[in-house]
Each structure stands twice: as structure tokens, then as C-alpha cells.
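Descriptive analysis of the structure
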Amino acid sequence: MSSARRAVSAPLAVLLAALLAGCGGAEPVQPTPAASVSDPSAADAPPPAPPQPKRTILLDPGHNGGNAQHTADINRPVPDGRGGTKPCNTTGTSTDDGFPEYKFTWDVALRVRQLLSTNGVEVFLTRQDDTGWGPCVDVRGEEAAKINADAVVSIHADGAAPAGHGFHVIYSKPALNATQGTPSIALATSLRNALTGQGFTQSTYAGKQGLIGRDDLAGLNLAKRPAALVECLNMRNPDEADFVDNSAAQQRYANAITLGILDWLAHNPPEELHALAAGIPNSTPSTKKHSSESSTRSSSKSSSKSSTPKSTTKTKAPSASSTSSAGADG
């Protein structure tokens, strides 16, 4: 195992232990006392390991609270990453009772940031509050490369037909650069597996086994770092709408997303990712166990009920041709 993997595996174990204990965070670890100068074993001790590179994640909470007051700004065309244009941003969706997607994504993103930071990961956000407008989707898509992040994870909620429920994770397809290929599929798969492992239902209306590749989302098309977009739930489904404004449910989503990110980081050393992003040949990230949509069969089964905390019944996954974009920025 490489030093970069060890650096992330230990925090992952810390978070897993904390989640299993139900405490929401790990107890601080007391430093081990340094060997005494008079200790004869000190002379034979290996030199200290070099400091590990800081891992960096960009979180992209969908939409923004002020978008509805800036319709002219968010409707202006921006590049879509495939030769066309799309609106700068959208207002997002909401529950039938009016709870907005932008608030849900912001709340979950802040919780993920806290968990990742606790586990030694440097975290940036594409927006700094929940009251402004934008940024535009092209800016969001290009931000990870600008800060040299290891990856970007967008957090959304869908606004599909009320009968559909469950989460799905989106990646760019067909890939437009090397980081949108295997590394992005691996990131999406790790997120899918973590959400499924935490008891959330895979989508009954979009994608296949909780995953779907799309070519119409500018933020993913323009990414030059591994990127995935999580549609956590369908806000128009009455069962899922019941707990979208629930602090405990938001924390469960954050826990699962964090576990998926940490798992992916553990399998993708930074030097390999950055070399791939720079276009250096003969550099393929170590993602063999996480690069396939069909990996981890036990995590690819979906639940027949809505993705509430108690949902566990299994059902057949939907067709990969099903898509929904009501909740995504574009």
C-alpha cells in the first residue's frame, strides 16, 4: 500500500468507528510520547516518515438561495463543455411544501465539509453562503482544476415525478478527458456504494444500480478533475419530502457521502491523479476495484421503499436510459 493510501486509510477507519459508535465524530487521539534520548531503542528507530501530501476536495452544493432574484444573471448562456451553451444556473427544485433544494444541498455540504476536515482533508466550496446567486455552471466545473483539487463532488436533490424515489450518482459520459473516464466512474461508484451501505435506496427512475452517465451537465463536462454529482433524493416524492428538512437525515447523507469520498481517496494516490490531469502518459490511477459500475454486487441492489432511514427491502434496478434533470444545475 502506498504512503498516500495509508494517509487516508487511517482517517477512514476513524470515521467508520465514529459512525458505528453513533457519536458523529471521533475522540481526539493523544500523541505518542517521543522516545527518550537515553532509550537505547531510539538509535535503531527508522527515520520519521515524510509528511504526506494534503488531500483536497471541492464540494459543489447545487444552486443558491439568491438565484430566484437574479433571473437575468442565471439565464445568460455559458459554455456547456460540448460545444453548446446552457443557462448559467437554475433555481433548483423544492418539495411540494416549498422546502428548497438549495438549502438542502447547502446543509449537507457543510456537514460533509466538517467530517472531511476532521479526517484531515482540505475542503473548498464552490459557493460561500446560501444567500447569493451562482456561480455559473461553467465556473463550478472549472474550479477544481484551478485549486488543484483531487476531485469535485456536486450535491443535489432531484425534482422528478412523485412516484420515483431514491438516489443516483451521475458522471460525465462520454468522457471528454482522462479524468472523466475511469477516475470519475470510480468516484461515482464509491459514492454509490457508500450511500447504499448506509441504507439509502438506489433510484427507481434514473440510471442503473444507482449510477448514470450523462452528457448534458456542464459542471461535469467542464471538469478537469474526477467529478461526480449526487442526486440524493427526489424532493417531489412525498415519502422523501417528509425527511428532507430533517437534521438526522441530512447527517446520514453527509456521513455516506464522506465515506464514499474517503474510500475513493484511499484508492487514488494524488501523484497518479495529478499526473493524469496534466496529460502525462502511462499513468493510470489504481482504481481497478472501483472503476466498474457493477463493482460490489452487494452494494448494487436497491430498496423497494423510499430512501428513508429504515428502508432495506431489495428490488430490481431501473434502466440506464432513464434520466431526470430537474434538480441539477446543468
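Because the structure is a prediction, the values reported are computed rather than measured. (Residues numbered from 1 in each chain as written. Predicted model: local features only at pLDDT ≥ 70, side-chain atom pairs only at ≥ 80, totals over all residues. Heavy atoms only, no water.)

We now examine helix H8 (residues 247-266). Between the first and last C-alpha of H8 there are 28 Å, a value that for 20 residues agrees with the 28 Å anticipated at 1.5 Å per step. The N-capping residue of H8, defined by a side-chain oxygen 2.9 Å from the backbone nitrogen of Ala248, is Asn246. (Helix = DSSP H or I, 4+ residues; strand = E, 2+ residues; numbered from the N terminus. Expected span 1.5 Å × (residues − 1). Polar contact = N/O pair within 3.5 Å; in protein donor to acceptor, adjacent residues only side chain to side chain.)

One pass over the full model with this rule turns up two aromatic pairs. With 5.8 Å between their ring centres and 85° between their planes, Phe104 and Tyr253 make a pair best called edge-to-face. In this pair, Phe104 sits in helix H3 (residues 101-118) while Tyr253 sits in helix H8, placing the two residues 149 residues apart along the sequence. Measuring from ring centre to ring centre gives 4.1 Å for Phe200 and Tyr253, while their planes differ by 15°; the resulting arrangement is stacked. With Phe200 in the loop between helix H5 (182-197) and strand S7 (211-214) and Tyr253 in helix H8, this residue pair connects regions lying 53 residues apart in the sequence. For the pair formed by Phe200 and Tyr253, the shared burial category is buried. Against the face of Phe200 rests Arg252, its NZ or CZ located 4.2 Å from the ring centre. (Phe/Tyr/Trp six-rings, centres within 6.5 Å; stacked < 30°, edge-to-face > 60°. Buried < 20%, exposed > 50% of the residue type's maximum accessible area, 1.4 Å probe, protein only. Lys NZ or Arg CZ within 6 Å of the ring centre and 35° of its normal.)

Below, the discussion takes up the state of the cysteines. In this structure the tally under the stated criterion is one disulfide. The partner cysteine of Cys88 in its disulfide is Cys136, sulfur to sulfur 2.0 Å. Torsion about the S-S bond of the Cys88 and Cys136 cystine: about -90°, corresponding to left-handed handedness. Of this pair, Cys88 sits in the loop between strand S3 (85-87) and H3 while Cys136 sits in the loop between strand S4 (122-125) and helix H4 (137-146); the two residues are 48 residues apart in sequence, bridging distant segments of the chain. Judged by relative accessible area, which is 0%, Cys88 ranks as buried. (Disulfide = S-S within 2.5 Å.)

Bringing the sheet that holds strand S5 (residues 151-158) into the picture now. In a beta sheet, neighbouring strands are held together by backbone hydrogen bonds and run either parallel or antiparallel to one another. Taken together, the six strands give an open sheet; going across it, the order is S4-S1-S5-S8-S6-S7, and neighbouring strands pair in mixed fashion. Taken across any chain shown, the strands that pair with only one partner, and hence form the sheet edges, are S4 and S7. Here the strands of the sheet are splayed against their neighbours by 25° on average, with no regard to which way each runs. Across the face of the sheet, H3 comes into contact with strand S1 (56-61), S4, S5 and strand S8 (227-234) while running at roughly 145° to S5. Sitting on the sheet, H4 touches S1 and S5, and the angle it makes with S1 is about 170°. (Pairing = 2+ DSSP bridges. Axes fitted to C-alpha atoms, helices over the stretch in contact; angles between N-to-C directions. Contact = heavy atoms within 4.5 Å.)

Enumeration over the complete set of coordinates arrives at six salt bridges. Measuring nitrogen to oxygen at the nearest pair gives 4.0 Å for the salt bridge that ties Asp96 to Arg236. Pair noted here: Asp96 is in the loop between S3 and H3 and Arg236 is in the loop between S8 and helix H7 (238-241), with a separation of 140 residues, a long-range link. Take Arg236: its relative accessible area is 30%, and that puts it in the partly exposed class. (Salt bridge = Lys/Arg side-chain N within 4 Å of Asp/Glu carboxyl O.)

Of the residues making up H4, those classed as buried are Val137, Asp138, Arg140, Gly141 and Ala144. Each element contacted by the buried residues of H4 is listed here: S1, strand S2 (77-79), S3, S5 and helix H6 (218-221). Of the residues trailing H4, Asn148 is marked for its positive phi of about 60°.

Here Gly134 and Pro135 are connected by a cis peptide whose omega angle stands at -5°. Inspection of the secondary structure assignment puts Pro135 in the loop between S4 and H4. Going from Lys173 to Pro174, the amide bond is cis rather than trans, its omega being 0°. Its place among the elements puts Pro174 in the loop between strand S6 (168-172) and H5.

Bringing the side chain of Ser172 into the picture now. Checked against the element boundaries, Ser172 lands in strand S6. Reaching out from Ser172, the side chain makes a polar contact with the side chain of Arg82 at a distance of 3.0 Å. Within polar-contact distance, the side chain of Ser172 engages the side chain of Gln180 at 2.8 Å. In contact with Ser172, other than residues within four places in its own chain, are Arg82, Gln180, Arg214, Leu220 and Asn221.

This part is about the side chain of Gln202. On the secondary structure map, Gln202 appears in the loop between H5 and S7. We classify Gln202 as buried; its relative accessible area is 1%. Among the polar contacts listed, one links the side chain of Gln202 to the side chain of Thr196, at a separation of 2.9 Å.

In the predicted model, the protein carries a mean pLDDT of 80, and 69% of its residues have values of at least 70. Low pLDDT, under 50, characterises residues 1-7; the stretch is placed with 14 contacts to residues that sit more than four places away or in other chains. (pLDDT = per-residue confidence, 0-100.)

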